[in-house]
Amino acid sequence: MIASVRGEVLEIALDHAVIESAGVGYRVNATPATLGGLQRGAEARLVTAMIVREDSMTLYGFPDSESKELFGLLQTVSGVGPRLAMATLAVLEPEALRAALAEGNVTALTRVPGIGKRGAERMVVELRDKVDAVASSSGAVPLGAAGGGSVRDQIVEALVGLGFPAKQAEQATDSVLAEAPESTTSSALRSALSLLGKTR
C-alpha cells in the first residue's frame, strides 16, 4: 500500500500529476484544487490512497489526511466508487462536504455530477453520523496554473471527465472565461464547477 508520495512534480494535468519519488514517476489522480497547489519542478508531498482493481492500480492524491479519509468514507456508500468520490471532493471542499452531510443538505450534494436526489439522500443517511469522526483540518490549497493546451479545452475536458455533459461544460467554461479572461486554468475550473453546481 502506497500511503504517500513525496518528490519532484514532473507533470501537472487537470486530473492528475506525475511525481517522481526514488526514481519512479507516480501518476497520482487528484482534484483541481489539489493540483492547483502543485508546481512543476518543485517538491511536493501528497497523502495517497491506492485502489487496486482486476485490470488496474490507481493512485489518488490528497493534500491532507482528512480529504483522504472523506474519500474512503464516501466509497462506503452503495454505488459510490473512486471516480464519483473524487468528483464529490472536486465540487465540495472537505468542510463544505462535512457540513452538507451533517445538515442533510441534499441540494448541495446533487451539485456533484452523477449524484441524483436519491443518491444524495442515501449519502446523508449512511454518512451523517460517521462524518464527525473525520477530523477537520484548516488551510485551503492555493490555486495555481496547470500547463499544456488551451485553457478552454483543458477546462471542458476536466468537466466532462467529472461527469458533466459536454454542452453544459462548454457553456459554463465560455461564461467563466468571458467574465474573467485572465483566469488561471485552476481558478477558471473552480468557477465553472461553482456555476454548474448552481444550475443543477
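Provided above is the structure to which this section pertains.
Summarised in this report is the structure supplied together with it. For every chain, the first residue of the written sequence is number 1, and numbering continues from 1 onward in sequence order. For a predicted model such as this one, the threshold for reporting local features is a pLDDT of at least 70, and the threshold for listing and counting side-chain atom pairs is 80 or more; totals across whole chains, interfaces and linings nevertheless cover every residue. Computation of side-chain values: all heavy atoms of the structure, hydrogens and water removed.

What about the packing of aromatic side chains?
Alright, step 1. Ring pairs are drawn from Phe, Tyr and Trp, using the six-membered ring of Trp, whenever the two centres fall within 6.5 Å, and their geometry is named by plane angle: stacked under 30 degrees, edge-to-face over 60, tilted for the rest. Within this structure, the stated rule accounts for 2 aromatic pairs.
Alright, step 2. Pairing tyrosine 60 with phenylalanine 71 gives two aromatic rings, centres 5.1 Å apart and planes at 40°, and the pair type is tilted. In this pair, tyrosine 60 is assigned in strand S5 (residues 57-62) and phenylalanine 71 in helix H2 (residues 65-74), connecting sequence segments 11 residues apart.
Alright, step 3. Buried residues are those whose accessible area, probed at 1.4 Å on protein chains only, stays under 20% of the maximum for their type, while exposed residues exceed 50% and partly exposed ones sit between those limits. Judged by its relative accessible area of 10%, tyrosine 60 is buried.
Alright, step 4. Between phenylalanine 62 and phenylalanine 71 the ring centres are 4.9 Å apart and the planes differ by 45°, which places this aromatic pair in the tilted class.
Alright, step 5. Chaining the aromatic ring pairs together yields one cluster made of Tyr60, Phe62 and Phe71. Labels follow the DSSP assignment, with helices taken as runs of H or I lasting at least four residues and strands as runs of E lasting at least two, numbered in each case from the N terminus.

A word on H2
Alright, step 1. Buried residues of H2: Glu66, Ser67, Leu70, Phe71, Leu73 and Leu74, and no others. Buried residues along H2 cover an arc of 165° about the axis, so they all sit on one side.
Alright, step 2. When checking whether two residues touch, look at their non-hydrogen atoms; a contact exists if any pair is within 4.5 Å. Where H2 is buried, its residues meet strand S4 (43-52), S5, helix H3 (82-91), helix H4 (94-103) and helix H6 (117-127).
Alright, step 3. Where H2 starts, the residue carrying a side-chain oxygen 3.3 Å from the main-chain nitrogen of glutamate 66 turns out to be aspartate 64. Arc definition: it is the arc formed by the directions from the helix axis to the C-beta atoms. Nitrogen and oxygen atoms within 3.5 Å of one another constitute a polar contact, given that in protein one can donate a hydrogen and the other can accept it, and given that sequence-neighbouring residues count only through two side-chain atoms.

What about the layout of surface pockets?
Alright, step 1. There is about 470 Å³ of room inside the largest pocket.
Alright, step 2. Taken together, 20 residues make up the lining of the largest pocket; nearest its centre are Leu14, Asp15, Ala158, Gly161 and Leu162.
Alright, step 3. Listing elements by their share of the lining of the largest pocket, those giving two or more residues are H3 and helix H7 (151-161).
Alright, step 4. A total of 4 residues in the lining of the largest pocket trace back to one element, the largest contributor, which is H7.
Alright, step 5. Each residue receives one of three labels: charged for Asp, Glu, Lys and Arg, nonpolar for Ala, Val, Leu, Ile, Met, Phe, Trp, Tyr, Cys and Pro, and polar for the others, Gly being one of them. When the residues that make up the lining of the largest pocket are grouped by side-chain class, the tally is 11 nonpolar, 6 polar and 3 charged. Residues are said to line a cavity or pocket when one of their atoms sits within 4 Å of a point; the points come from a 1 Å grid over protein atoms alone, cavities being sets where a 1.4 Å probe fits but cannot get out and pockets being open sets with protein on both sides within 12 Å along at least five of seven lines. Grid points are joined across faces, edges and corners, and a volume is the space filled by probe spheres set on the points.

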